[in-house]
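# Observations on the model geometry
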Amino acid sequence: MSLLPSARFRSAVGAVVAALTIIGLPDAGRSHEDHGLASPTADSPSSPRLVAVSEAYELVGILKDGALVIFLDRMADTSPVVAARIDLTLDGTTIAAEPRPDGTYRIASAALARPGTHEAIITIAEDRGSDLMVGSLTIPDDHTAADHVHDGDGGWSAAPALMRQVLERLGLSAGGATGSGGGAYWLAGIGLVCGVLVGALVRGRAGVAIALVGLATVLGASVAWAGVAWAGPGHDHGEGAGAAAQGDAPRRLPDGELFLPKPTQRLLAIRTRVVTPETVRSAERLIGRVIADPNRSGLVQSTIGGRVQPSEGGLPALGQQVKKGDVLAYVEPAFAPIDASDVRQTAGDLAQRVAVLDARIARQKRLVANGVVNAASLEDLEIERDGLIARRAELTKARSEPEVLVAPVDGVLAEVRVVAGQVVSSADTLFNVVDPASLWVEAISFDPRVDAAGTVAKALTADGKAFALTFVGRSRALQQQATVLHFKVDTPGDELNIGSPVKVLIERGEAVTGLILPRSAIAQAPNGQFVAFKRLEPERYLPVAVRTTDLDGERVVVTAGLAAGDQIVIEGAALVNQIR
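Residues numbered from 1 in each chain as written. Predicted model: local features only at pLDDT ≥ 70, side-chain atom pairs only at ≥ 80, totals over all residues. Heavy atoms only, no water.

## Remarks on the overall build of the chain
Here is the rule we go by: We count a stretch as a helix when DSSP gives it H or I for four or more residues in a row; a strand needs E for two or more, and each element gets its number in order from the N terminus. Partly exposed residues are those whose accessible area sits between 20% and 50% of the maximum for their type, while under 20% is buried and over 50% is exposed, using a 1.4 Å probe and protein chains only. Note on areas: these come from Shrake-Rupley sampling with a 1.4 Å probe, and a residue is covered only by the protein chains present in the view.
Each helix and strand in the chain was counted, giving twelve helices and 32 strands. Each of the 580 residues in the chain was classed as buried or not, and the buried ones make up 38%. If you sum the accessible surface of the chain, you get close to 31,400 Å²; carbon and sulfur atoms cover 56% of it.

## Focus on the pairing of strand S26 (residues 501-518)
Going by this rule: In this description, strands pair whenever DSSP reports at least two bridges between them.
Where strand S13 (residues 277-292) and S26 come together, twelve bridges link them in antiparallel fashion. Bridge pairing in S26 places Arg-289 opposite Pro-501. The pairing of strand S23 (residues 457-460) with S26 spans four bridges and is antiparallel. Its bridge partner being in S26, Leu-460 is matched across the sheet by Lys-503.

## A short note on the sheet that holds strand S1 (residues 49-53)
As summarised here, the arrangement of the five strands in space is S1-S2-S3-S7-S6, forming an open sheet in which the pairing is antiparallel. Unpaired on one side and paired on the other, S1 and strand S6 (98-99) mark the two borders of the sheet. In this structure, S6 lies alongside strand S7 (residues 105-108), joined through two bridges in antiparallel fashion. Counterpart to Glu-98 in the pairing with S7 is Arg-106.

## Here we look at the pattern of salt bridges
Our working definition: Note on definitions: salt bridges are taken to be side-chain nitrogens of Lys or Arg within 4 Å of carboxyl oxygens of Asp or Glu.
Under the criterion given, the structure shown has 21 salt bridges. Lys-64 serves as the salt-bridge partner of Asp-248, at 3.5 Å between the closest nitrogen and oxygen. Taken together, the positions of Asp-248 in the loop between helix H8 (239-246) and strand S10 (251-252) and Lys-64 in strand S2 (residues 57-64) put the pair 184 residues apart, joining distant regions of the chain. Overall, the relative accessible area of 44% leaves Lys-64 in the partly exposed class. Beyond isolated ion pairs, a larger network of salt bridges with shared partners links Glu-58, Asp-73, Lys-262, Arg-266 and Arg-535.

## Digging into the side chain of Glu-403
Spelled out, the test is: Contacts described as polar in this section are N or O atom pairs within 3.5 Å, which, within protein, must combine one atom able to donate a hydrogen with one able to accept it, while residues neighboring in sequence count only if both atoms come from side chains. Here, two residues are considered to be in contact whenever any of their heavy atoms come within 4.5 Å of each other.
Here Glu-403 shows up in strand S18 (residues 403-406). Within polar-contact distance, the side chain of Glu-403 engages the side chain of Thr-303 at 2.7 Å. Residues contacting Glu-403, with those up to four places away along its chain left out, are Ser-302, Thr-303, Ile-304, Ala-329, Tyr-330 and Val-331.

## A closer look at the nonpolar core
Put simply, the rule reads: The set of buried Ala, Val, Leu, Ile, Met, Phe, Trp, Tyr and Cys residues whose side-chain atoms join them within 4.5 Å is what this entry labels a nonpolar core.
Within the largest apolar cluster, 25 residues are counted, with the highest numbers of intra-cluster contacts made by Leu-72, Ile-122 and Ile-124. Elements with a minimum of two residues in this core: S1, S2, strand S3 (67-74), strand S4 (85-90), S7, strand S8 (116-126) and strand S9 (129-139). Ignoring sequence-local partners within four residues, the contact set of Leu-72 consists of Tyr-57, Glu-58, Leu-59, Ser-79, Pro-80, Val-81, Ala-84, Ile-86, Tyr-105, Ile-124 and Arg-266. Counting residues in hydrophobic clusters, the runner-up holds 18 residues, among them Val-290, Leu-439, Val-441 and Val-502.

Laid out in structure tokens, this is it:
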């Protein structure tokens, strides 16, 4: 009689072992997955927020470290309001916000530590007026998150009681599995042993199949269990930390919207504008620069080479107001050695001729006194002597008298290129006097068909400020293959300086009516579409695909994608487009 169990008994044992391995262990993995689903999502800010909006203001308060940091912006363009008084009434207690140097406001109060949803009344007062807003602040209980975190059992509590008892009898403890995932490796070993035993008990292909299924199942469950053990408290595998880290960070949300927190908006200098239909004309864009009015400006140069000497009041300062005829400086003449030698030789010749004439005049006087010659010859000699003396005086004066440099027009000194004792030549420009109330713009065009006569033109500075221009004239000779056009600035401002680069827009064509946006408000999405960013809430924006038509290189007409009344980002759109 055989000592081996019957085939039916061996099959039953194999089935039980396989069932234990298949059914028992994956519960830990399922428990782990459940924890992953229960973890907070990263779609919402991790810090509690107080949001209030009115027709004039939008307010966002971020609660962090027991204090409420308030960001107050204007509703029209999202520009910060940094000089307002903010009073917050929370649970019947009114607290005044403290202004901070960074343009925010801070409130610290014990009321901010009480969990629950609190209705808040915000009073805002500034020079432009006052406003009243209402919002709510939900403060979570600090123990809520702690109750969700496990005691670090590494998933052993989720394991079936039978399997735990078996493992504990084999010398495995919860601490060992939790510390380094050692329990998972023991499970892998047990799976291997079970597979070998089943293979020995169940002969044939059925035994091999059952052994392989049991071994693979135990190994898979062991790996999942190891992941639970290594995850540590909370079983978040780092995902919970990522959610907390991204809670207040800018990011794209699953629905395609952008979460752009107020601190980031301040950092990126985000500005918005409510778009409304406008009627404009397309324009030709030219490159230009600011120049001085040639009728109200002048250069000061020396006609001789020499050394600069200050005037009685000293050298004038840059930007100083001067009047026509004011003395700016002196230039003492300087001669080269050979020129100085010629001057001395000429002076010596003149002195010698004067001495000779003095002797002849003395003799003529005696002859005239004796009546030998008439007085006319004596007068001729005296006239010749006086002429020589005058020439010698002028020569001496030229060697020592400085040249006076005076202001040619009324204005301010735009350039001062001299210091006391400087040696200059007649080609050097020493002072540049301009009238800041009279400026021109010089533009170049590589298209000879551009005609600015009778058109409306304006100059745009680097910061986008516009100045009306009046056409003066154009050159009929090309300069480096370009036509030069001159315009007069109707009302110059302090933003314009001589030499400042500007963009000249010359309106042309028919009038166009539509939603006008600066080109900087349009960005290109990763999929190639052109998008604008529409403000939905104080911290939420939506990329909207748009179709545009160019106006002048600086502005575009939105032909599809937006509607009147939409609030669009017009500054910082390129930076917002980088958020992923």
